[in-house]
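Observations on chain architecture
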Number of protein chains: 2
Amino acid sequence: MSEKKRVKLEDVAKEAGVSKTTASRVLNHRGYLSKETIDKVHIAMEKLNYHPNSIARQLYKQETNFVGLIFPTVNNPFFGQLTAELEKNLYKKGYKVLLGDSENDPAKEEFYLQQLLEHQVDGLIVGAHNQGLPEYHHPNLPIVSIDRTVNKDVPIVSSDNYQGGIMATQRLIDLGCQHIIHTNGPTSLASPTQNRRLAYEHTVKANHMDPIVYYTKFSSSIQDKMLLFQRLFKEHPEVDGIFASNDIDASLIIKIAHQFNKKVPKDLKVIGYDGADSTRLLFPQLTTIRQPINEIARVAVNTLEARIKNQPTSKSLTIPVTFYKGTTA
Amino acid sequence: MSEKKRVKLEDVAKEAGVSKTTASRVLNHRGYLSKETIDKVHIAMEKLNYHPNSIARQLYKQETNFVGLIFPTVNNPFFGQLTAELEKNLYKKGYKVLLGDSENDPAKEEFYLQQLLEHQVDGLIVGAHNQGLPEYHHPNLPIVSIDRTVNKDVPIVSSDNYQGGIMATQRLIDLGCQHIIHTNGPTSLASPTQNRRLAYEHTVKANHMDPIVYYTKFSSSIQDKMLLFQRLFKEHPEVDGIFASNDIDASLIIKIAHQFNKKVPKDLKVIGYDGADSTRLLFPQLTTIRQPINEIARVAVNTLEARIKNQPTSKSLTIPVTFYKGTTA
């Protein structure tokens, strides 16, 4: 690695007898160039054992005005609204949106990431699982993450998950619940959404209760989740309050509760998380912690634009949540 | 127009002293070309008053592997699921998806359409309003429409709207409803979804009732729709059955019905249309006509691929719907 890094683009340009700009244009296949120039640069690259470094190339690249969005799926109230708002904000700034639903397909995520490294997109906004994709370890790539820890160089935009976790748990306690359970995604998913769980654990402990958490898997289907929640009611028939880490899970829990003859909110109080537009239209009864989805999208796009323009950005942007009172808690 | 059409690309090539392939490459900015060649072709074009015709260019174009999706918004259970499924199917075939939410913005729709004409995308799948955009009148463009009449050359994929309209209306009649009202989008929107209304009108008339239809506008906000549905209940307090042309409207109607002290399904039976995954998760009680969304997406992508490859396609593809029984009717 260190040997490769020592050879710079200007060395190649010098060896080829062309300007640095011309060498960069050859590397990035930009503009009209004679075959002679292209050959000279390629011969120089080979002679010096020069491997174009994506970061170096980036400094000379032309913009494509494409931005890739990598999220699990738009077939979901939260990600649907988030994607719609990201698209609106990106379009206003002159970017075109490449949509990359990635759920359960790391290969697809890697494909879009490769496009970034090859400069076919100017930047990425990501919120998919991204365990172990080596491409993310390039520093300074124009990437912004929503609710996912990618690496220390990628800014994260998220709602105030900890505040939301406290709001939800405290509400259940205030309503008199004594057996409060939390459901969340896998801890293996490096995500600030686990702060919802930490806030829950902190709040129930401070009220002398034991935290009990049920975890869904990343690959859980609706059926898998229903089985998990059935197990929850079998193992904890005393449960009288549930804080679910998203509204879809809260809806499933309410459905299963009916099977166990628990009336909501009389016997069981349920609070979700997200509060997306279509959820509030279709299920206005659901009490939930409402994420500022439109604001998250706006901040993420502004941050990405700053990254693309090599301007400094915050490493972490946390936006307050609000309590939405329905009738389920 | 007729004068322009008489000059062909081969005339330009002959005048410039280059091959037809080279002339086409100059037109489409493809490959490495000497400045001399480019100038010769441009001079010949000017001399002959040649205006590149998009259809002619298409015959020589290189594929970009981009497909544009133009729908009102992904922030909606139906369009969210449809977009997710279109993306899945397109990705499998090697296409990348350009997302173009167009709601209330004909300029945006036109922007994406221009990209097609300029060969920055290989094809479009559209389902937005598209009144009066002249670009759609080019024949033989690789466009597939979902639920919208674009022009006689663009294949339409849709659910069997007429069958769905009969199913819904007949169900309300079978349950004993005597004052059945239908809500739908604007008739100005050229769309086979108006067949839901035609089927409703046919069915109520056959049962000796008068059809009553309330129309939302294309630009109606949620607030506007709620005012419209309040007017419906004020003007027709006798209403005991409503067939809404989509599930979001059905949800709003149920919400307003509570304000008018109408219990669903006791006093009022409501049936929606769409039956998207997240609607059935969040509001499983809603009785609805379920569109085969995944199948619509699969058929649309296959049809678009055939158009891109200049293979013959059906002009209209209609896919059966199913009845989903909730508790609202």
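The residue numbering used here restarts from 1 in each chain and proceeds along that chain's sequence as written. For naming, the first written chain is A and the first written ligand is 1, with later ones following in the order written. Thresholds applied to this predicted model are a pLDDT of at least 70 for local features of residues and 80 or more for the giving and counting of side-chain atom pairs; totals over whole chains, interfaces and linings are not thresholded and use all residues. Excluding hydrogens and water, the side-chain figures rest on all heavy atoms present in the structure.

The name given to chain A in an unreviewed UniProt entry is LacI family DNA-binding transcriptional regulator, with the source organism recorded as Limosilactobacillus albertensis.

Side chains of residues three or four places apart in an α-helix project in the same direction, reflecting 3.6 residues per turn. Residue and element names in this part refer to chain A. The secondary structure listing takes helices from DSSP runs of H or I that are at least 4 residues long and strands from runs of E that are at least 2 residues long, numbered from the N terminus. Expected helix span is taken as 1.5 Å per residue step, with the number of steps being one fewer than the number of residues. The terminal C-alpha atoms of helix 6 (residues 77-92) lie 23 Å apart, and with 16 residues this matches the ideal 22 Å at 1.5 Å per residue to within 8%. Pairs of N or O atoms are called polar contacts if they sit within 3.5 Å, as long as, within protein, a hydrogen donor faces a hydrogen acceptor (for residues adjacent in sequence, only side-chain-to-side-chain pairs). Capping the start of helix 6 is the job of one residue whose side-chain oxygen sits 2.9 Å from the backbone nitrogen of phenylalanine 78: asparagine 76. Glycine 94 sits one or two residues past helix 6 and shows a positive phi near 90°.

Further remarks concern the packing of helix 6 (residues 77-92) of chain B against helix 13 (residues 293-308) of chain B. Residue and element names in this part refer to chain B. An axis is simply a line fitted to the C-alpha atoms; with a helix, the fit covers only the stretch in contact. Between two such axes, the angle follows the N-to-C directions and lies from 0 to 180 degrees. Relative to each other, helix 6 and helix 13 sit at 45°, their axes nearing to 8 Å. On the basis of their axis angle, the class for helix 6 and helix 13 is oblique. Between helix 6 and helix 13 the crossing geometry is right-handed. Taken together, the residues of helix 13 that come into contact with helix 6 (itself represented by Phe78, Gln81, Leu82, Glu85, Leu86, Asn89 and Leu90) are Ile293, Asn294, Ile296, Ala297, Arg298, Ala300 and Val301. In this count, Pro and Cys sit with the nonpolar residues alongside Ala, Val, Leu, Ile, Met, Phe, Trp and Tyr, while Asp, Glu, Lys and Arg are called charged and the others, Gly among them, polar. Class assignment of the residues belonging to the contact of helix 6 with helix 13 gives a composition of 9 nonpolar, 3 polar and 2 charged. If an angle is under 35 degrees, it is roughly parallel; if it is over 145, roughly antiparallel; if it lies from 65 to 115, roughly perpendicular; otherwise it is oblique. Note: crossing handedness is left-handed where the near helix turns anticlockwise from the far helix by less than a right angle, and right-handed where it turns clockwise. Note on contacts: a residue pair qualifies if any of its non-hydrogen atoms lie within 4.5 Å across the two residues.

In this section: the pairing of strand 2 (residues 96-101) of chain B. Classification of residues uses two cut-offs on accessible area relative to the type maximum, computed with a 1.4 Å probe and protein chains only: under 20% is buried, over 50% is exposed, and between them is partly exposed. Most of strand 2 of chain B is tucked away: 6 of the 6 residues are buried. The two faces of strand 2 of chain B match: Lys96, Leu98 and Gly100 of chain B on one face and Val97, Leu99 and Asp101 of chain B on the other face are all buried. The pairing criterion for strands is at least two bridges between them, as found by DSSP. The sheet contact formed by strand 2 (residues 96-101) of chain A and strand 2 of chain B spans 3 bridges and is antiparallel. Bridged to valine 97 of chain A within strand 2 of chain B is leucine 99 of chain B. Direction of pairing for strand 1 (residues 66-71) of chain B relative to strand 2 of chain B: parallel, over a ladder of 6 bridges. The partner of isoleucine 70 of chain B across the bridge, within strand 2 of chain B, is glycine 100 of chain B.

Attention shifts here to the side chain of aspartate 101 of chain A. Summarising the element assignment, aspartate 101 of chain A is placed in strand 2. Polar side-chain contacts of aspartate 101 of chain A include one of 3.3 Å to the backbone nitrogen of valine 74 of chain A. For aspartate 101 of chain A, the contacting residues outside a window of four places in its chain are Phe71, Pro72, Thr73, Val74 and Lys108 of chain A together with Ala84 and Glu87 of chain B.

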